[in-house]
Each structure stands twice: as structure tokens, then as C-alpha cells.
Amino acid sequence: MNSLEKQARKSIWHRLWRWFKPDWLFVLLLTASIAGLVIGGLKAEVSQFVPPPLFPKLALLMGAMVTLLAIATLGAKLDRKHLDDYMFQMVANGAVIGVITTIFVNILWEIGSDILPPITNDDLIAVMIGSWSLGYFFYRWRGLNS
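Definitions and limits used
Residues numbered from 1 in each chain as written. Predicted model: local features only at pLDDT ≥ 70, side-chain atom pairs only at ≥ 80, totals over all residues. Heavy atoms only, no water. Helix = DSSP H or I, 4+ residues; strand = E, 2+ residues; numbered from the N terminus. Buried < 20%, exposed > 50% of the residue type's maximum accessible area, 1.4 Å probe, protein only. Contact = heavy atoms within 4.5 Å. Areas by Shrake-Rupley, 256 points an atom, 1.4 Å probe, with all protein chains shown as cover. Axes fitted to C-alpha atoms, helices over the stretch in contact; angles between N-to-C directions. Parallel < 35°, antiparallel > 145°, perpendicular 65-115°, else oblique. Left-handed = near helix turned anticlockwise from the far one by under 90°. Nonpolar A, V, L, I, M, F, W, Y, C, P; charged D, E, K, R; others polar. Phe/Tyr/Trp six-rings, centres within 6.5 Å; stacked < 30°, edge-to-face > 60°.

**Student:** Would you mind showing me how to read the overall build of the protein here?
**Tutor:** Looking only at helices and strands, one finds 5 helices and 0 strands in the protein. Along the protein, helices (α) and strands (β) appear in the sequence α-α-α-α-α when read from the amino end. Here the protein holds 146 residues, and the buried ones make up 20% of them. By sequence separation, contacts in the protein at least 24 residues apart represent 79% of the contacts at least 6 residues apart. With the model as given, the accessible surface of the protein reaches about 11,600 Å², and the carbon-plus-sulfur share is 71%.

**Student:** Please clarify how the packing of helix H4 (residues 85–111) against helix H5 (residues 121–142) should be interpreted in this entry.
**Tutor:** The packing of two helices is summarised by the inter-axis angle and the distance between the axes. Look at H4 against H5: their axes get within 7 Å of each other, and the N-to-C directions meet at 140°. With respect to H5, the element H4 is oriented oblique. Here H4 and H5 pass one another in a crossing that is right-handed. Taken together, the residues of the contact of H4 with H5 sort by class into 14 nonpolar, 8 polar and 1 charged.

**Student:** Is there a simple way to explain the packing of aromatic side chains in this structure?
**Tutor:** The description of an aromatic ring pair uses the distance of the two centres, along with the angle that the planes make with each other. Taken as a whole and judged by the stated rule, the model has 2 aromatic pairs. Their ring planes at 70° and their centres at 5.3 Å tell us that Tyr136 and Phe137 sit as a pair that is edge-to-face. By relative accessible area, which is 0% here, Tyr136 ends up buried. Residues Phe138 and Tyr139 carry aromatic rings whose centres are separated by 5.5 Å and whose planes lie at 75° to one another, so their mutual orientation is edge-to-face. Residue Phe138 is classed as partly exposed on the basis of its relative accessible area, which comes to 39%.

Structure follows, in C-alpha cells:
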């Protein structure tokens, strides 16, 4: 394959990648998180869960964490390869905001568990996705130095 063919291939990939901006992805994620909260609120039934024994649970959690960490690291590597540094920093900073917001929402719900309705795992996932999207758009609008 000569250099002209490689450049044409790269050009096609860059044109396609331009349409797949993180902006569109985060609009979709924000919409999905709001829909998840609404749908989750409509079927607010809390089931009783009997926890498994401690050792298998810890082994499963550690295995899942290490495996998913490796997958997420590869995904971040691909993002970094195909996004410019500024865009990658916005996505990463938005993710940090999403995780911190989710932790604070969970703490707030634990503190107010007597007066607040129960929060489910689906609710927390929707909060994380929505806050990640809003964090991304905050950095997109204000810039990384805000």
C-alpha cells in the first residue's frame, strides 16, 4: 500500500470520526440517564436481597474490577489515540466529576435514609452517567481552566 492510499484511508477515518464527536455521545448519555431515572422511579419496587457469603463475593468483585480496569484502560488508550489532548482531558475531567458527584449523592442518601426514598443501583448508574455528561459539557462550555 503506497503512501497516497494510506493518506486516503486516514482521511476517511478522520472524516467519519469528526461526526462521532463526544458531544453527540454525551447528549445521548444524558438523555438515557434522565430516562433511566424516570423509568426507575415509575417501577420503584425494592426487592429483598440475601447477600452471598463473603469470600466468593470478594473474589468475584476483585476479578470483575481487575478485568474491567484492563478493558477501561484499553478503551482510554484508544480514546487518547483518536482524540486530541484537549478533548481527552474534557472527557476525563467530566468522568472525575461524574464519580465524585455519584459518591456525594450516595453519601447524602445514606445520611438521609430515614426520610428519603430508597435509591437503587439503577438510580446511581443514571446519576453517574448524567453527572459525567453534565461535567463534560461544563468543561466544553467553560474550558479546562475553570
